[in-house]
Amino acid sequence: DQQVKQNSPSLSVQEGRISILNCDYTNSMFDYFLWYKKYPAEGPTFLISISSIKDKNEDGRFTVFLNKSAKHLSLHIVPSQPGDSAVYFCAASAYGYALNFGKGTSLLVTP
Amino acid sequence: DAEITQSPRHKITETGRQVTLACHQTWNHNNMFWYRQDLGHGLRLIHYSYGVQDTNKGEVSDGYSVSRSNTEDLPLTLESAASSQTSVYFCASSESRGSNTEAFFGQGTRLTVV
């Protein structure tokens, strides 16, 4: 059973608008959450993370929000740019153990 | 600069053959992982290691094996390749168990079993 779920396989957003990618998890032991970005024919690259002791982490245009009671996190990209078009994976781990990944959301930012 | 490299980048093999995919990292990380990426499944964990001589099975370990004889390398072996193992394979490394840090990924190996 999948412990990290990304229920939206794809998302299309206009350039300059906000992109919101969502992720749900089931394992309450998870204490570290990450977002990875993946371009075709490349490996995933780390984007941003958040510890379970926080509810928000911001890095430039990227902000991750964590709602522990709902077991939900989201990635906000503001403003969205065409270069942000990629597959975004949500991941979670407990105590530094192996990362559990969602199935990914393909983001398309149109001019 | 530290890095993680996979080889080969592309491989075509026949059903039933043994295949080994290499992964080498210069981060001096204790943790190393193998994932496979398939359409509709995302990244699924095959095997992982938290240190030399330590190996563990992930959620899709059947038909695969790993060994960890040093810190830098975690080769993935397909004992008898099957068409269901056609996939893109990613190796990753991270600092250590108990340390919440990101994992770094290699560029991937595209394996086709014919």
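Residues numbered from 1 in each chain as written. Chains lettered and ligands numbered in written order. Predicted model: local features only at pLDDT ≥ 70, side-chain atom pairs only at ≥ 80, totals over all residues. Heavy atoms only, no water.

Visitor: Teacher, can you tell me more about the environment of B:Y50 here?
Guide: You can see B:Y50 is positioned in strand β5 (residues 42–51). On a C-alpha basis, the gap between B:Y50 and B:A81 in space is 26 Å, while along the polypeptide they are 31 residues apart. Discounting chain neighbours no more than four positions away, the residues touching B:Y50 are A:G96, A:Y97, A:A98, B:N30, B:N31, B:F33, B:N56, B:R68 and B:R97. Among the polar contacts listed, one links the side chain of B:Y50 to the backbone nitrogen of A:A98, at a separation of 3.1 Å. (Helix = DSSP H or I, 4+ residues; strand = E, 2+ residues; numbered from the N terminus. Contact = heavy atoms within 4.5 Å. Polar contact = N/O pair within 3.5 Å; in protein donor to acceptor, adjacent residues only side chain to side chain.)

Visitor: Sorry if this is basic, but what is going on with the side chain of B:R44 here?
Guide: All names here are of chain B. Of note, R44 is situated in strand β5. In this structure R44 comes out as buried when scored by relative accessible area, which is 18%. Engagement of the side chain of R44 in a polar contact is seen with the side chain of D38, the distance being 3.0 Å. Each residue touching R44, except ones within four places of it in the same chain, is listed here: W34, Y35, R36, D38, E59 and V60. (Buried < 20%, exposed > 50% of the residue type's maximum accessible area, 1.4 Å probe, protein only.)

Visitor: What is the right way to read the pattern of salt bridges from this model?
Guide: Two side chains carrying opposite charge are able to pair once their charged atoms lie near each other. Residues and elements named next belong to chain A. Enumeration according to the criterion identifies six salt bridges over all chains in this entry. E58 is the salt-bridge partner of K56, the closest N and O atoms lying 3.9 Å from each other. Take K56: its relative accessible area is 42%, and that puts it in the partly exposed class. One connected set of salt bridges, linked through shared partners, spans K37, R61 and D84. (Salt bridge = Lys/Arg side-chain N within 4 Å of Asp/Glu carboxyl O.)

Visitor: Would you explain the packing of aromatic side chains in this entry?
Guide: Any pair of aromatic rings gets described here by the distance separating the centres and the angle formed by the planes. Across all of its chains, the model carries 16 aromatic pairs over all chains by this definition. Both rings, one in B:Y48 and one in B:Y50, keep their centres 5.2 Å apart while their planes meet at 65°; by these two values the pair is edge-to-face. The burial state of B:Y48 is the same as that of B:Y50; both residues are buried. Three or more aromatic residues link up through ring pairs in this structure, and these residues are A:Y36, A:F46, A:F89, A:Y97, A:F101, B:F33, B:Y35, B:Y48, B:Y50 and B:F105. (Phe/Tyr/Trp six-rings, centres within 6.5 Å; stacked < 30°, edge-to-face > 60°.)

Visitor: Just to check I follow, could you spell out the pairing of strand β11 (residues 109–113) of chain B for this structure?
Guide: Where a strand is regular, its side chains alternate between the two sheet faces. Residue and element names in this part refer to chain B. What you see with β11 is a clean split: T109, L111 and V113 sit on the buried side and R110 and T112 on the side with no burial. The pairing of strand β2 (residues 10–13) with β11 spans four bridges and is parallel. By the bridge assignment, T13 is partnered in β11 with V113. Examined bridge by bridge, strand β9 (residues 87–94) and β11 share three bridges and lie antiparallel to one another. In the sheet register, S87 faces β11, and the bridge partner there is L111. (Pairing = 2+ DSSP bridges.)

Visitor: How should the side chain of B:T109 be read in this particular structure?
Guide: All names here are of chain B. Mapped onto the secondary structure, T109 falls in strand β11. Since its relative accessible area comes to 0%, T109 is described here as buried. Polar contacts involving the side chain of T109 include one to the main-chain carbonyl oxygen of P8, which spans 2.6 Å. If we ignore the near neighbours within four places in the chain, the residues touching T109 are Q6, S7, P8, R9, L21, S87, V88 and Y89.

Visitor: So what exactly am I meant to see when it comes to the interface of chain A and chain B here?
Guide: For interface size, the figure often reported is the accessible area lost on association. Taken together, the contact between chain A and chain B spans 21 residues of the former and 24 residues of the latter. Between chain A and chain B lies a buried interface of about 1,700 Å² when both sides are counted; carbon and sulfur atoms form 57% of it. Where chain A meets chain B, there are zero salt bridges. At the junction of chain A and chain B, the tally comes to five residue pairs in polar contact (both at pLDDT 80 or more). Among the secondary structure elements, those contributing two or more residues to the side of chain A that touches chain B are β4 (32–38) and β9 (86–93) of chain A. (Buried area = accessible area lost by both parts, 1.4 Å probe.)

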